[in-house]
Amino acid sequence: MTTDSGDTKDYPCISCHTNCCKEYTIFVNAHDIYRLSKGLGIEPEDFLEIHGAKDFDLGIKVKEGLVDLALKQKNTACTFLVESGDFFRCTVNDFKPGVCKSYPFQIEDGKLIQMSDKLCPVEWDTQEFEKMMVSHLEKDENEWKFYHELVLEWNAKHWIKKPLSLFLNFILDRVDISLKSNSNLS
Ligand code: SF4
Ligand code: SF4
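Cut-offs applied
Residues numbered from 1 in each chain as written. Chains lettered and ligands numbered in written order. Predicted model: local features only at pLDDT ≥ 70, side-chain atom pairs only at ≥ 80, totals over all residues. Pairing = 2+ DSSP bridges. Helix = DSSP H or I, 4+ residues; strand = E, 2+ residues; numbered from the N terminus. Axes fitted to C-alpha atoms, helices over the stretch in contact; angles between N-to-C directions. pLDDT = per-residue confidence, 0-100. Contact = placed C-beta atoms within 7 Å. Near = placed C-beta within 6 Å. Nonpolar A, V, L, I, M, F, W, Y, C, P; charged D, E, K, R; others polar. Core = buried A, V, L, I, M, F, W, Y, C linked by C-beta atoms within 7 Å. Buried ≥ 20, exposed ≤ 12 C-beta atoms within 10 Å, placed from the backbone.

1. So, the sheet that holds strand β3 (residues 65-71)
Thought 1: Spatially, three strands are ordered β1-β3-β2 in an open sheet, and the strand pairing comes out antiparallel. Across the chains shown, the open sheet's two edge strands, defined by having one partner strand only, are β1 (48-52) and β2 (60-62). Between one strand axis and the next, the sheet turns by 55° as a mean value, whatever way the strands run.

In structure tokens:
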């Protein structure tokens with residue numbers, strides 16, 4: 001997606017006006033929310049908005065409804081996108097969601113490919129990005145699995161609906177525990 005590094009010579013995003021950050025709703029998982037909240041030192045409610053759940057079985061059951069969580073929008077783009085001179089820039093590059101890191105790639109039949117409906121105005125050199133993107137995509141897939149399990153656990157326990165703020169505390173605590181236990185193992 002966007003870059004904020006000075007090394008923009010060969011980076012396809014530099015010739016683009018960040019179509020992806022303007023066109024998509026960025027749905028986020030527990031790890032995405034944790035990184036943004038801790039990294040920026042702000043509450044999840046400050047950067048999240050709720051949407052009606054896309055998938056009935058995986059929507060979060062809270063007092064506010066059956067919902068999914070996405071990044072807020074500002075002026076019909078992601079809230080973290082800012083215009084800087086002739087360019088648009090992601091202001092949360094270090095903490096941006098997994099889906100932002102790996103766009104526009106996906107793995108198909110074990111191979112890294114570009115999405116057929118990508119918004120990028122240029123072709124990427126898939127080979128050049130293979131190593132980095134495969135590891136992003138694998139990590140992202142694991143984080144979404146972790147999140148879906150948390151949502152299922154929450155929904156099973158809290159059939160009497162609790163507010164979204166409690167769900168957010170629940171997932172942040174679980175990510176914290178998981179990261180600490182992984183660091184103790186390493
Ligand atoms: S649409 Fe493609 S080229 Fe444009 S900013 Fe997003 S990832 Fe980069
Ligand atoms: S978090 Fe950054 S990369 Fe992701 S949509 Fe927002 S501005 Fe774009």
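2. Quick notes on the confidence of the model for the chain
Thought 1: Summary statistics for the chain give a mean pLDDT of 90 and a share of 93% for residues scoring 70 or more.
Thought 2: Confidence over residues 3-9 falls short of pLDDT 50; this stretch has seven contacts with residues more than four positions distant or in other chains.

3. Focus on the site of ligand 1
Thought 1: With respect to spatial proximity, twelve residues lie near ligand 1, and among them C13, C16, N19, C20 and C120 are the closest.
Thought 2: Residue classes in the shell around ligand 1 are distributed as nine nonpolar, three polar and no charged.

4. As for the pairing of strand β6 (residues 81-84)
Thought 1: Sheet topology places β6 next to strand β7 (residues 87-90); four bridges connect them, and they run antiparallel. Residue S84 lies in a different strand from β7, and its bridge partner there is F87.
Thought 2: Here β6 hands over to β7 after two residues, with G85 in that stretch at a positive phi of 65°.

5. Looking at the nonpolar core
Thought 1: Judged by nonpolar contacts, the single largest core of 27 residues is most densely connected at I26, A30, I33, L71, C78, F80 and I171.
Thought 2: Elements with a minimum of two residues in this core: α1 (19-23), α2 (30-40), β2, β3, α3 (98-102), α4 (126-157) and α5 (164-185).

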